[in-house]
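Here is what each chain is made of, one letter per residue.
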Amino acid sequence: MQRGNLDHLLALIAVGRERSFTKAAAKLGVSQSALSHTIRELEARLGVRLLTRTTRSVSPTEAGERLLRTVGPRFEEIEAELEAVSELREKPAGTIQITAIDYAADTILWPKLTKFLREYPDIKVEIIVDYGLTDIVAQRYDAGVGAGEQVAQDMIAVRIGPDMRMAVVGAPSYFRNRSEPKRPQELIGHNCINLRLPTHGGLYAWEFVKGGRELRVRVEGQLVFNGTFQMLNAALAGFGLAYVPEDLAQPHLAKGRLKRVLEDWCPPYSGYHLYYTSRRQSSAAFALLVDALRYRG
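Residues numbered from 1 in each chain as written. Predicted model: local features only at pLDDT ≥ 70, side-chain atom pairs only at ≥ 80, totals over all residues. Heavy atoms only, no water.

Chemist: Account for the overall build of the chain, with residues named and values stated.
Modeler: When you go through the chain residue by residue, the secondary structure sums to 8 helices and 15 strands. Across the 297 residues in the chain, those meeting the buried criterion constitute 42%. Total accessible area computed for the chain in this model is approximately 16600 Å², and 51% of it derives from carbon and sulfur atoms. (Helix = DSSP H or I, 4+ residues; strand = E, 2+ residues; numbered from the N terminus. Buried < 20%, exposed > 50% of the residue type's maximum accessible area, 1.4 Å probe, protein only. Areas by Shrake-Rupley, 256 points an atom, 1.4 Å probe, with all protein chains shown as cover.)

Chemist: I'd love a proper account of the packing of helix H2 (residues 21-28) against helix H3 (residues 32-46), names of residues and values included.
Modeler: Following both chains from N to C, one finds H2 and H3 inclined at 100 degrees, their axes separated by 9 Å at the closest point. Between H2 and H3, the interaxial angle falls into the category roughly perpendicular. Of the residues in H3, those in contact with Phe21, Thr22, Ala24, Ala25 and Leu28 of H2 are Gln32, Leu35, Ser36 and Ile39. Grouping the constituent residues of the contact of H2 with H3 by class yields 6 nonpolar, 3 polar and no charged. (Axes fitted to C-alpha atoms, helices over the stretch in contact; angles between N-to-C directions. Parallel < 35°, antiparallel > 145°, perpendicular 65-115°, else oblique. Contact = heavy atoms within 4.5 Å. Nonpolar A, V, L, I, M, F, W, Y, C, P; charged D, E, K, R; others polar.)

Chemist: Break down the packing of aromatic side chains for me, with residues and values.
Modeler: Scanning the entire structure with this criterion turns up 7 aromatic pairs. When the centroid spacing of 5.4 Å and the interplanar angle of 80 degrees are considered together, the rings of Tyr174 and Phe175 count as edge-to-face. By relative accessible area, Tyr174 is classed as buried at 1%. One aromatic cluster in this structure is built from Tyr204, Trp206, Phe208 and Tyr243. Cation over ring: Lys259 sits above Phe175, and NZ or CZ is 6.0 Å from the ring centre. (Phe/Tyr/Trp six-rings, centres within 6.5 Å; stacked < 30°, edge-to-face > 60°. Lys NZ or Arg CZ within 6 Å of the ring centre and 35° of its normal.)

Chemist: Tell me what's going on with the sheet that holds strand S6 (residues 156-159), and back it up with residues and numbers.
Modeler: Read across the sheet, 5 strands follow the order S4-S3-S5-S15-S6 without closing on themselves; strand pairing throughout is mixed. The open sheet has two free edges, formed respectively by strand S4 (123-129) and S6, since each of these has just one partner strand. This sheet shows a mean twist of 30 degrees between the axes of neighbouring strands, independent of strand direction. Two strands pair when backbone bridges link them, and strand S3 (residues 94-100) and S4 are joined in this way by 7 bridges, in the parallel orientation. Paired with Gln97 across the strands is Glu126, a residue of S4. Packed on one face of the sheet, helix H5 (residues 102-119) meets S3, S4, strand S5 (143-147) and strand S15 (272-276) and runs near 170 degrees to S4. (Pairing = 2+ DSSP bridges.)

Chemist: Help me get a handle on helix H7 (residues 246-254), residues and values and all.
Modeler: Taken residue by residue, H7 has Leu248, Ala249, His252 and Leu253 as its buried positions. Angular distribution of buried residues about the axis of H7 spans 130 degrees; they occupy a single face of the element. (Arc of directions from axis to C-beta.)

Chemist: Which residues make up the packing of H5 against helix H6 (residues 228-236), and what are the values?
Modeler: One can describe the packing of H5 onto H6 by two numbers: an axis separation of 7 Å at closest approach and a directional angle of 100 degrees. Classed by the angle they form, the pair H5 and H6 counts as roughly perpendicular. Packed against H5, whose contacting residues are Asp102, Tyr103 and Asp106, the element H6 presents Thr228, Phe229 and Gln230 at the interface. Of the residues assigned to the contact of H5 with H6, the class counts are 2 nonpolar, 2 polar and 2 charged.

Chemist: An account of H5 is needed here, citing residue identities and associated values.
Modeler: Across its 18 residues, H5 extends 24 Å between first and last C-alpha, which sits within 8% of the 26 Å expected from 1.5 Å per residue. All of the buried residues in H5 are Asp102, Tyr103, Ala104, Ala105, Ile108, Leu109, Leu113 and Phe116. (Expected span 1.5 Å × (residues − 1).)

Chemist: Let's hear about the pattern of salt bridges: which residues, and what values?
Modeler: Applying the stated criterion across every chain yields a total of 10 salt bridges. Of the charged contacts in the structure, one is a salt bridge between Asp163 and Arg159, with a shortest N-O distance of 3.1 Å. In this structure, the salt-bridge partner of Arg216 is Glu207, at a minimum N-O distance of 3.3 Å. (Salt bridge = Lys/Arg side-chain N within 4 Å of Asp/Glu carboxyl O.)

Chemist: Got a sec to walk through the environment of Ser270? Specific residues and values, please.
Modeler: Within the element layout of this structure, Ser270 appears in the loop between strand S14 (259-261) and S15. Here Ser270 falls in the buried class, since its relative accessible area comes to 19%.

Chemist: Which residues make up the nonpolar core, and what values go with them?
Modeler: For soluble globular proteins, nonpolar side chains are generally found buried alongside one another. In terms of nonpolar packing, the biggest core is built from 41 residues, with Ile98, Leu109, Val145, Ile160, Val169, Tyr272 and Leu274 touching the most fellow members. Residue contributions to this core peak at 6 residues, all from H5. For Val169, the contacting residues outside a window of four places in its chain are Ala235, Gly240, Leu241, Ala242, Val244, Ala249, Leu253, Leu258, Lys259 and Arg260. By size, the runner-up hydrophobic cluster in this structure holds 18 residues, among which are Ala24, Ala25, Leu35 and Leu51. (Core = buried A, V, L, I, M, F, W, Y, C linked by side-chain atoms within 4.5 Å.)

Chemist: Help me get a handle on the sheet that holds strand S13 (residues 242-245), residues and values and all.
Modeler: Read from one edge of the open sheet, 3 strands run S13-S7-S14, paired in antiparallel fashion. The open sheet has two free edges, formed respectively by S13 and S14, since each of these has just one partner strand. Within the sheet, the average angular offset between the axes of one strand and its neighbour, ignoring direction, is 50 degrees. Where strand S7 (residues 166-170) lies against S13, 4 bridges are found, and the strand directions are antiparallel. Each residue of the ladder has a partner; that of Ala167, found in S13, is Val244. Running at roughly 125 degrees to S13, H6 makes contact with S7 and S13 of the sheet. Along the sheet, H7 contacts S7, S13 and S14; its crossing angle with S13, the most-contacted strand, is approximately 105 degrees.

Structure, rendered in structure tokens:
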């Protein structure tokens, strides 16, 4: 097979997986226009349309779906074999992609990776910050990071952090003319800083537990973010109440810059876990990374 044919098929597989020319081009390291031209060349050569394009989405036609279904797995097998051969190197090598929220990336992954990366300079790690509870299989990431309760049962999960607690916090200036909420239901009358979860298309409902009773409160307020640190900064500036990890708020609580409420409604829960599929177990580089990230108490 000519090299051009392989490049065209790889381009089709990338667009088919991502359902987006923008994302596929970024993965392949080419421009959108070059990728679009490659797909058009393949369609012209085969004499059949492979992708249906609209202003908002890209989806395979029946012919495109057939190619993706038959050719795609073969390329995956080739990739797996190349990776297996690379494991025979004297020094472990490879690229590992992990998706996590910004807080987990900064407080759990990065402190452990600094030592790991110096020890294994031939291993590359890519961290993709995402609040969308990403499907790592569909997005072809090697692993994801999530709270223990969030990990799907068909995934292998390894604890990488201690138990956690959430905290509802606000600046002293915010409480100057407002009473403190004593129950989660009283948050309805407060200006709360929301978190938007992209894959759910909505705002995150604050979760509380007390005496075996579980509550999920959909709060309202003037501000919405899609990142934890922005929510904390807004709370520090007095714009409302934020629902953030306890240890993130703790330094500000200790210095009186924040005040905590509803503490008895926020018990500890299972901390962060690295989750992945069984196909990743065969990689020596990945096994080393898992061991480096593993929480040992």
